[in-house]
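Structural characterization, general
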Amino acid sequence: MTAIKTRVAIAYDFDGTLAPGNMQEHQFLPEIRMKKDVFWGKVSELAKANEADEILVYMNLMIEEARHAHARATRSDFYDRGKTIELFLGLDSWFDRINEYARQQDLIAEHYIISSGNKELIEGTSIANKFKKIYASTFWFDENDVAKWPALAVNYTNKTQFLFRINKGALDVHDKKGVNAYVPEEERPIPFDNIIFIGDGETDIPCFRLVKDKGGLSVAVYKPRTNSAKRMADSLKVEGRVHCSFPANYSEGEKVEKIVKAKIDEIAVRSNLLRLSK
């Protein structure tokens, strides 16, 4: 009987982690002729005035502002906008390199997105097919495929739900029973100490802490040569929320690759020890 290979899960935030800025700022906001500070300012004001979730507010505001600007808001329109999103250096080959490195260690690497951004925009990017699952805020589309209302809002606290889904193998967002079921740690498909989480800021703190406290690897990244982003990432390290903070450069030989490969090495050694001890 062929032994089941150990799996490694690498979960990523998106905005500020895989791409600079917020994804709506790459094409959507310019298309509706709205400055980013104005848009996010309105989101903050509306959320505060109505004691509302900012994710739900920004998604609803996108729909309203698109309608006012006579901008198209179908699923395919968001997909096309996603094609324009600029990605950080090295991501064009990152996933294949990491997958191959894991394979050489007799492991299987799986990649996941856990983002408060728009799933429809992420699905338009050149790397969308590299992920086993994309967990992100999703629109509900009407019979004409036009965005009507938020269907799923992923905020900073419920992001951890998706780490448990990965951990337990209950990947379907509708599977409430699976994600809440009691499963002994040793029977979970991907234990937390086989999970790597890469993010960039405050909204990732619950995921950073969960993964770090349970033996996985938490990595804070920041836009290269950006002092404010570096200070944020470095503060997460100082406060013990992450293991390390590095520039968001996924090129071969850079620090992000080195730390991820080191964790893969650790997982491989631990897996071999467990196998030999049986």
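Refer to the structure presented above.
Summarised in this report is the structure supplied together with it. What you see is a predicted model, and the numbers here were worked out from it, not measured in a lab.

**Some remarks on the overall build of the protein**
Regarding its fold elements, the protein presents 11 helices and 7 strands. In terms of C-alpha radius of gyration, the protein reaches 19 Å, essentially the compact-globule figure of 19 Å for 278 residues. Structurally, the protein occupies a C-alpha span of about 65 × 45 × 35 Å along its principal axes. Residue burial in the protein is summarised as follows: out of 278 residues, 49% are buried. The long-range share in the protein, meaning contacts at least 24 apart out of those at least 6 apart in sequence, stands at 62%.

**Considering the packing of helix 2 (residues 36-50) against helix 3 (residues 54-68)**
Packing of helix 2 against helix 3 leaves a shortest axis separation of 9 Å and a crossing angle of 125 degrees. Judged on the interaxial angle alone, helix 3 and helix 2 are oblique. The handedness of the crossing between helix 2 and helix 3 comes out as right-handed. Facing helix 2, whose interface residues are Phe39, Trp40, Lys42, Val43, Ser44, Leu46 and Ala47, helix 3 presents Glu54, Val57, Tyr58, Leu61, Met62 and Glu65. Class assignment of the residues belonging to the contact of helix 2 with helix 3 gives a composition of 9 nonpolar, 1 polar and 3 charged.

**Concerning the environment of Arg75**
In this structure, Arg75 sits in helix 4 (residues 75-82). Judged by relative accessible area, which is 39%, Arg75 ranks as partly exposed. Considering only alpha carbons, one finds Arg75 and Asn155, 80 residues apart in sequence, at a separation of 21 Å. Non-local contacts of Arg75, meaning those with residues more than four positions away in its chain, are made with Glu120, Phe141 and Asp145.

**Considerations on helix 4**
Taken as a whole, helix 4 has its buried residues at Asp77, Phe78, Arg81 and Gly82. What you see down the axis of helix 4 is that its buried residues fit within an arc of 145 degrees, all on one side. On the buried face of helix 4, the contacting elements are helix 1 (28-31), helix 3, helix 6 (119-122), strand 3 (133-141) and strand 4 (147-152).

**Some details on the sheet that holds strand 2 (residues 107-118)**
One open sheet holds the 7 strands; their spatial order is 4-3-2-1-5-6-7, and the pairing between them is mixed. Edge positions in the sheet fall to strand 4 and strand 7 (244-247), since each of these pairs with one other strand and no more. Pairs of neighbouring strands in the sheet enclose a mean axial angle of 25 degrees, with direction left out of account. As paired strands, strand 1 (residues 6-12) and strand 5 (residues 195-199) are joined by 4 bridges and run parallel to one another. Bridging across to strand 5, Ala11 finds its partner in Phe197. Lying over the sheet, helix 5 (residues 91-104) contacts strand 1 and strand 2, oriented at roughly 145 degrees with respect to strand 2.

**So, the pattern of salt bridges**
Inspection of every chain in the model, using the stated rule, returns 21 salt bridges. For Glu31, the salt bridge goes to Arg81, with nearest N and O atoms at 2.8 Å. Note that Glu31 is positioned in helix 1 and Arg81 in helix 4, a separation of 50 residues in sequence. The partly exposed category is assigned to Glu31, whose relative accessible area is 28%. For Arg81, a relative accessible area of 4% puts it in the buried group. Of the charged contacts in the structure, one is a salt bridge between Arg241 and Glu239, with a shortest N-O distance of 2.7 Å.

Rules of the game
- Residues numbered from 1 in each chain as written.
- Predicted model: local features only at pLDDT ≥ 70, side-chain atom pairs only at ≥ 80, totals over all residues.
- Heavy atoms only, no water.
- Helix = DSSP H or I, 4+ residues; strand = E, 2+ residues; numbered from the N terminus.
- Rg over C-alpha atoms; globule rule 2.2 N^0.38 Å.
- Buried < 20%, exposed > 50% of the residue type's maximum accessible area, 1.4 Å probe, protein only.
- Contact = heavy atoms within 4.5 Å.
- Axes fitted to C-alpha atoms, helices over the stretch in contact; angles between N-to-C directions.
- Parallel < 35°, antiparallel > 145°, perpendicular 65-115°, else oblique.
- Left-handed = near helix turned anticlockwise from the far one by under 90°.
- Nonpolar A, V, L, I, M, F, W, Y, C, P; charged D, E, K, R; others polar.
- Arc of directions from axis to C-beta.
- Pairing = 2+ DSSP bridges.
- Salt bridge = Lys/Arg side-chain N within 4 Å of Asp/Glu carboxyl O.

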